[in-house]
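Summary of the model geometry
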Amino acid sequence: MTLFDQISEDIKKAMLAKDKVALDALRGVKKEFLEAKTAKGGDGELHDDQAIRCMQKLCKQRKESAEMYAAAGRNELAEEELAQMRVIEQYLPKQLSEDELVDRLKNIISELGAQGPKDMGKVMGTATKALAGLADGKIISAKVKELLNN
């Protein structure tokens, strides 16, 4: 079952359970999936890797919105955004721990023979592809920079 099908099934379950938070979050995900499916240049299909990228984008948006709401003193709206983010995160692959990430990055650096900061672009290109969905791009970038500077 694809992620698209899984989300569609879970929307029905959320309706039956009258779970408003899950229903709102999953409807937002499905809307994003449908837009990605029909996007210009697409093949009309939504592959799971594309679906994961969409959900990561939605999680990031929810987190940023929650931070803005909290800064404005609108904690009830921030909590709602964070609750929706937690629902979406359940469908994403488990994120790597810091130690696992560093180990994988060290392997990539040694495979590429990277020597220092000048090789950052080469390492980042490989790392972002290899670790797609497993770690946030900003965290990957910071760790690569740290490892190459040592």
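Everything that follows concerns the structure shown earlier in this document.
Residues numbered from 1 in each chain as written. Predicted model: local features only at pLDDT ≥ 70, side-chain atom pairs only at ≥ 80, totals over all residues. Heavy atoms only, no water.

Here the focus is the nonpolar core. Within the largest apolar cluster, 23 residues are counted, with the highest numbers of intra-cluster contacts made by Leu-3, Ile-7, Val-29, Phe-33, Met-55 and Ile-88. Looking at this core, the elements with two or more residues in it are helix H1 (3-17), helix H2 (20-37), helix H3 (48-71) and helix H4 (75-89). Other than its neighbours up to four places away in sequence, Val-29 contacts Ile-7, Met-55, Leu-58 and Ile-88. Counting residues in each nonpolar core, the second largest holds 18 residues, with Ile-108, Val-123, Leu-131 and Leu-148 among its members. (Core = buried A, V, L, I, M, F, W, Y, C linked by side-chain atoms within 4.5 Å. Buried < 20%, exposed > 50% of the residue type's maximum accessible area, 1.4 Å probe, protein only. Helix = DSSP H or I, 4+ residues; strand = E, 2+ residues; numbered from the N terminus. Contact = heavy atoms within 4.5 Å.)

The subject of this paragraph is the layout of surface pockets. Taken as a whole, the largest pocket spans an internal volume of roughly 800 Å³. Forming the boundary of the largest pocket are 27 residues, of which Gln-56, Lys-60, Gln-95, Ala-135 and Asp-136 lie nearest the centre. When contributions to the lining of the largest pocket are tallied by element, the ones reaching two or more residues are H3, H4, helix H5 (98-112) and helix H7 (137-149). Per-element accounting of the lining of the largest pocket gives the leading share, eight residues, to H3. (1 Å grid on protein atoms, 1.4 Å probe; cavity = no way out; pocket = protein on both sides within 12 Å on 5 of 7 lines; lining within 4 Å. Points joined across faces, edges and corners; volume = space filled by probe spheres on them.)

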